[in-house]
Amino acid sequence: MDTVGPYNRGFREFTEAYEAFGFAQIHADAVPFLPERPGLVLDVGAGSGRDAAWFAERGAEVIAVEPAGAMRQGGAMLHPSGQIRWFDDRLPALSAVHRLGLAFDVVWLSGVWMHVPPDDRQRAMRKLATLLKPGGRMVITLRHGPAPDDRPMWPVDAHEVERLGLEFGLSLRVATERRDDLQRRPGVRWQTVILDLPDDGGSALPLLRGVILRQEKAATYKLALLRAIARIADVSPNVARDADDCVELPLGLVALYWLRMFKPLLERGLPQMPERSGAAPSSAREPFRALGPVAAYELRPGAVFPGEAGDAMRRALADAARTIAQMPATHLTYANDTPVFPTAFGGVPARGAAFAVTEEPLWTYGVTRVPLPVWHALLRMSAWIEPMLVAEWVRLTLGYAEKAGRSINAGEVMAALRWVEPERDTRLVRDLTLRRLAAGGTVHCVWSGRALSAGTLDIDHCLPWSAWSCNDLWNLLPTSRAVNQKSKRERLVTAPALASARSAILDWWADAYRNDDALRVRFAEEVRTSLPVAKRTDPDPEEVFAALEFRRLRLHQDTLLPEWRGMASAP
């Protein structure tokens, strides 16, 4: 049944009705339970934007989700605010919101739950619960009474909401008494239900802790699998596909990071299992050995391996994918012996003149499924989880060496386990810009708008390298040395400052990358891997910029970097 169409057709009437009363009148029962400083708010079914605007006025950053396009556009015009970002998404999946990787202080559903069919409500609650921060709060207003003829609605019940919340780690804070409808519609009454997330919301952290510290390990395979997934969550989260109660990852990407982790260890001869079983993973066969000249950090999405190196890469990924599916993905289990990360090997891409590490061939190798609570814990806390993984990996390696009568030190193992990123490299974009200047072209600083010369040019990581080691083309922008090396240095651009540079950034992307065939392909592949955009061949520039804004918001949430407020803060 169409629950969205009526709001598109009658958006003017609905907007007028919603705006007739203020937030404090409508939500008098909820206001005492809302945080003074709401932080990050998800408003599901935002309608005219009345509630989103109330939160924004109190300093919150708001993701306003509204599936009715007419309501969404009208709300954005009625309540213009740089702190409200409108999003086209809907329950029960909220797939687009989940791709953002954000955790919310408040999840807000006003007059929405009655539009969710009963068969979809368990899934909807699961999706909502996994979007809350620990200590976060979900507020749901329930409409009781007869449904209008023009809009599909189903009966709601506070006890049902409480029961569903409990299934996913939420505790009932309060269910208010029913109140009369302010619009005086016959038989309609309203009730507010508030749920809290008191801990990690799905026992994800205890599970991860158990895998890292307590599960029996005959080799370092389980740690390698978990670390590979944690790395994907940190640097390539947009490859994940929504699959109801989990996300799916391309097994080829898990295998790629597996190879990247084991390569330095095996090159140093560091044992990864008891020597009686063989000191090297079963995936370290001839194709893996043929990758000897390739540096570990070159094993990354977007890399291209020509000729024999490409064939070795193609086959080494297949060996690693089979090993992962047969070994750690099978034996890393819950207490009932069910695999935590069910994995199915698919196949091997056909041989070609070169092997490009892009999504299509990586999905060919198969699929790894990650439970939603675990995925969201890794998205938010990989910076804390990874050191535990590395420490346990060091302990196991030292233990295997000791039993074999070998003497190695922890520092050597730590050095091999260090995830080496490519150097902070802006040469390609710098050379491109210098060639343009030498040919008589004009290049402007994206932040100040001033014309640049070869002497004043610098290349800025829009999202700072110190917070996120990302040399992607979309993140590299021309700026002046004075801005990049002084006022903006190691600071995260604020949302208003980024918005003010929107036109300049879009123009730079178009001129520098999207008009060059080779760079356009690279630009698109990097965007699809690292930013929350739709999986189309050539991402729309406006969509890429919106995704950049969301990635900035996630970094702000995760790192608490000092902020740069734009040229107003420059000396």
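As shown above, the structure is provided for reference.
Since this is a predicted model, take the numbers as computed values, not measurements. (Residues numbered from 1 in each chain as written. Predicted model: local features only at pLDDT ≥ 70, side-chain atom pairs only at ≥ 80, totals over all residues. Heavy atoms only, no water.)

**Student:** Just to check I follow, could you spell out the overall build of the protein for this structure?
**Tutor:** The secondary structure content of the protein amounts to 23 helices and 18 strands. Compactness check: the protein gives a C-alpha radius of gyration of 26 Å against a globular reference of 25 Å for 571 residues, within 12% of the reference. A separation threshold of at least 6 residues defines the contact pool for the protein, and within that pool the share at least 24 residues apart is 72%. With an accessible surface of roughly 24,300 Å², the protein has 51% of that area assigned to carbon and sulfur atoms. Taking the average location of the 70 positive side-chain charges in the protein and that of its 69 negative ones, the two points are 4 Å from each other. (Helix = DSSP H or I, 4+ residues; strand = E, 2+ residues; numbered from the N terminus. Rg over C-alpha atoms; globule rule 2.2 N^0.38 Å. Contact = heavy atoms within 4.5 Å. Areas by Shrake-Rupley, 256 points an atom, 1.4 Å probe, with all protein chains shown as cover. Lys, Arg positive; Asp, Glu negative; His and termini not counted. Charge placed at Lys NZ, Arg CZ, Asp CG, Glu CD.)

**Student:** Sorry if this is basic, but what is going on with the packing of helix H7 (residues 121–129) against helix H8 (residues 158–167) here?
**Tutor:** Any two packed helices are characterised by the angle at which their axes cross and by the distance between the axes. The contact between H7 and H8 brings their axes to 9 Å, and the two run at 55°. Taken together, the axis directions place H7 and H8 in an arrangement best described as oblique. Crossing handedness for the pair H7 and H8: right-handed. Contact residues: Arg 121, Gln 122 and Met 125 in H7; Glu 160, Val 161, Leu 164, Gly 165 and Glu 167 in H8. Residues of the contact of H7 with H8, tallied by class, amount to three nonpolar, two polar and three charged. (Axes fitted to C-alpha atoms, helices over the stretch in contact; angles between N-to-C directions. Parallel < 35°, antiparallel > 145°, perpendicular 65-115°, else oblique. Left-handed = near helix turned anticlockwise from the far one by under 90°. Nonpolar A, V, L, I, M, F, W, Y, C, P; charged D, E, K, R; others polar.)

**Student:** Looking at this structure, I do not really get the pattern of salt bridges. What am I missing?
**Tutor:** Applying the stated criterion across every chain, the model contains 34 salt bridges. In this structure, Asp 181 engages Arg 185 in a salt bridge whose closest nitrogen and oxygen atoms are separated by 2.8 Å. Judged by its relative accessible area of 7%, Asp 181 is buried. Residue Arg 185 is classed as partly exposed on the basis of its relative accessible area, which comes to 26%. With its nearest N and O atoms 2.7 Å apart, the salt bridge here joins Arg 528 to Glu 525. In this pair, Arg 528 and Glu 525 both sit in helix H22 (residues 517–530), three residues apart, roughly one turn of the helix. Put simply, Glu 286, Glu 308, Asp 311, Arg 314, Arg 315 and Arg 351 are held in one network by salt bridges that share partners. (Salt bridge = Lys/Arg side-chain N within 4 Å of Asp/Glu carboxyl O. Buried < 20%, exposed > 50% of the residue type's maximum accessible area, 1.4 Å probe, protein only.)

**Student:** Please clarify how the packing of helix H21 (residues 502–514) against H22 should be interpreted in this entry.
**Tutor:** At a minimum axis distance of 8 Å, the contact between H21 and H22 shows a crossing angle of 125°. The orientation of H21 with respect to H22, classified from their angle, is oblique. Contact with H21, carried on its side by Trp 509, Ala 512, Tyr 513 and Arg 514, involves Leu 519, Arg 520 and Phe 523 of H22 and no other residues of that element. Taken together, the residues that form the contact of H21 with H22 break down as five nonpolar, no polar and two charged.

**Student:** Hey, could you run me through helix H4 (residues 50–57) in this one?
**Tutor:** For an α-helix, 3.6 residues make a turn, and residues three or four places apart therefore share a direction. Burial analysis of H4 places seven of its eight residues in the buried class, the great majority of the element. Inspection of H4 places Arg 50, Asp 51, Ala 52, Ala 53, Trp 54, Phe 55 and Ala 56 among the buried residues, and these make up the whole buried set. Buried positions along H4 lie against helix H2 (11–19), helix H3 (23–26), strand S1 (40–44), strand S2 (61–65), strand S3 (84–87) and strand S4 (104–110). Remark: Gly 59 follows H4 within two positions and exhibits a positive phi of approximately 95°.

**Student:** Explanation requested: the sheet that holds strand S12 (residues 343–345) in the structure shown.
**Tutor:** Strand-to-strand pairing in sheets goes through backbone hydrogen bonds, with the strands running parallel or antiparallel. Taking strand neighbours across the sheet as the criterion, the four strands line up as S9-S10-S14-S12 in an open arrangement whose pairing is antiparallel. Edge positions in the open sheet fall to strand S9 (241–243) and S12, since each of these has one partner strand only. Strand after strand, the sheet turns through a mean of 25° between neighbouring axes, direction not considered. The pairing of S9 with strand S10 (residues 246–250) spans three bridges and is antiparallel. Considered in S10, the bridge of Asp 242 is made with Val 247. Taken strand by strand, helix H16 (residues 372–403) contacts S10 and strand S14 (366–371), and its axis lies near 85° from that of S14. (Pairing = 2+ DSSP bridges.)

**Student:** Can you walk me through the pairing of S3 in this structure?
**Tutor:** Within a regular beta strand, the side chains point alternately toward one face of the sheet and then the other, so they alternate between its two faces. Burial of S3 is two-sided: the residues Ile 84 and Trp 86 facing one way and the residues Arg 85 and Phe 87 facing the other way are all buried. Note: S2 against S3, four bridges, orientation parallel. Considered in S3, the bridge of Val 65 is made with Phe 87.

**Student:** Quick question: what am I supposed to make of the nonpolar core here?
**Tutor:** Here is a general trend for soluble globular proteins: nonpolar side chains tend to be buried in one another's company. Core analysis: the biggest nonpolar cluster contains 116 residues, and Trp 375, Trp 447, Trp 474, Trp 509 and Tyr 513 have the highest contact counts within it. With 14 residues, the top contributor of residues to this core is H16. Apart from residues no more than four positions distant in its own chain, Trp 509 is found in contact with Trp 474, Leu 477, Arg 514, Phe 523, Pro 541, Val 544, Phe 545 and Leu 548. If you look at the next biggest cluster of nonpolar residues, it comprises 40 residues, including Val 116, Met 138, Met 153 and Phe 550. (Core = buried A, V, L, I, M, F, W, Y, C linked by side-chain atoms within 4.5 Å.)

**Student:** Teacher, can you tell me more about the environment of Tyr 365 here?
**Tutor:** Inspection of the secondary structure assignment puts Tyr 365 in the loop between helix H15 (359–364) and S14. In sequence terms Tyr 365 and Asp 120 are 245 residues apart; their C-alpha atoms lie 32 Å from each other. Only 2.7 Å separates the side chain of Tyr 365 from the backbone oxygen of Arg 314, close enough to count as a polar contact. (Polar contact = N/O pair within 3.5 Å; in protein donor to acceptor, adjacent residues only side chain to side chain.)

**Student:** Hey, could you run me through the packing of aromatic side chains in this one?
**Tutor:** A ring pair, where both rings are aromatic, is described by two values, the distance of the centres and the angle of the planes. Applying the stated rule across the entire model yields 19 aromatic pairs. Pairing Phe 23 with Phe 55 gives two aromatic rings, centres 5.7 Å apart and planes at 80°, and the pair type is edge-to-face. Taken as a pair, Phe 23 in helix H3 and Phe 55 in helix H4 lie far apart in primary sequence, 32 residues in all. Both residues of the pair, Phe 23 and Phe 55, count as buried. By the ring-pair criterion, three or more aromatic residues cluster together here, those being Trp 508, Trp 509, Tyr 513, Phe 523 and Phe 545. When the ring centre of Trp 363 is taken as reference, the NZ or CZ atom of Arg 241 above it lies at 3.6 Å. A cation over an aromatic ring shows up here: Arg 551 above the ring of Trp 468, its NZ or CZ 3.8 Å from the ring centre. (Phe/Tyr/Trp six-rings, centres within 6.5 Å; stacked < 30°, edge-to-face > 60°. Lys NZ or Arg CZ within 6 Å of the ring centre and 35° of its normal.)

**Student:** Explain unusual backbone geometry to me, please; I cannot follow it from the model alone.
**Tutor:** Only a minority of non-glycine residues have a phi that is not negative, and only a minority of peptide bonds are not trans. With an omega dihedral of 10°, the bond running from Leu 91 to Pro 92 counts as a cis peptide bond. Position of Pro 92 relative to the elements: it lies in the loop between S3 and helix H6 (95–99). The backbone of Leu 94 sits at a positive phi, close to 50°, despite the residue not being glycine. You will see that Asp 337, though not glycine, has its phi angle at about 70°, which is positive. As for its placement among the helices and strands, Asp 337 is situated in the loop between helix H14 (328–331) and S12.

It is worth stressing that arrangement in space is one thing and function is another; only the former is reported here.
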